[in-house]
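Structural overview
Here is what each chain is made of, one letter per residue.
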Amino acid sequence: MKTGKHDEANIKATEITDLRTPCGKAFRLPLGTSQYIVYAADIHYLASDGTYHEIDNNLIAGKDGSGCSVYQVTENPAMYCCGAGNAPYVMSVQCHGR
């Protein structure tokens, strides 16, 4: 017996990449419907080719000149520094070189 409910895990959606914005994306859903999702923060960056690409938030570990552990966000201009000096939980954030 059908109840009119559907299993959301089995719905196949296709992103419409031409409709990306810094904080939103659109999907084409089954039966010709579509859905636009807006996030509170940017999820895409504008590439040199004029299209929006996914922001890769993976961290790359390294050391700065003073030996501090530095974690660079793969495709985001932010650096996180932990373990500076005698304060193991110090964190500094740099954005756009500031």
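We now turn to the structure provided with this report.

What counts and how
Residues numbered from 1 in each chain as written. Predicted model: local features only at pLDDT ≥ 70, side-chain atom pairs only at ≥ 80, totals over all residues. Heavy atoms only, no water. Pairing = 2+ DSSP bridges. Helix = DSSP H or I, 4+ residues; strand = E, 2+ residues; numbered from the N terminus. Contact = heavy atoms within 4.5 Å. Polar contact = N/O pair within 3.5 Å; in protein donor to acceptor, adjacent residues only side chain to side chain.

1. Quick look at the sheet that holds strand 1 (residues 14-15)
Sheets are built from strands that pair by backbone hydrogen bonding, the pairs being arranged parallel or antiparallel. The strand order across the open sheet built from three strands is 1-2-3, with neighbouring strands paired in antiparallel fashion. Looking at strand neighbours, the two that pair on one side only are strand 1 and strand 3 (34-38), the edges of this open sheet. Pairing between strand 2 (residues 24-28) and strand 3: five bridges, direction antiparallel. If you follow Ala 26 over to strand 3, its bridge partner there is Tyr 36.

2. What about the pairing of strand 7 (residues 69-73)?
Looking at chain direction, strand 6 (residues 59-63) and strand 7 are connected through five bridges and run antiparallel. Residue pairing for strand 7: Leu 59 is matched across the bridge by Val 73. Between the end of strand 6 and the start of strand 7, which pair antiparallel, lie five residues, with Gly 67 showing a positive phi angle near 90°.

3. Notes on the environment of His 53
Inspection of the secondary structure puts His 53 in strand 5 (residues 52-54). Considering only alpha carbons, one finds His 53 and Arg 20, 33 residues apart in sequence, at a separation of 8.4 Å. Beyond its immediate sequence surroundings of up to four residues, His 53 is in contact with Arg 20, Ile 43, His 44, Tyr 45 and Ala 47. A distance of 3.0 Å separates a polar atom in the side chain of His 53 from a polar atom in the side chain of Thr 51.

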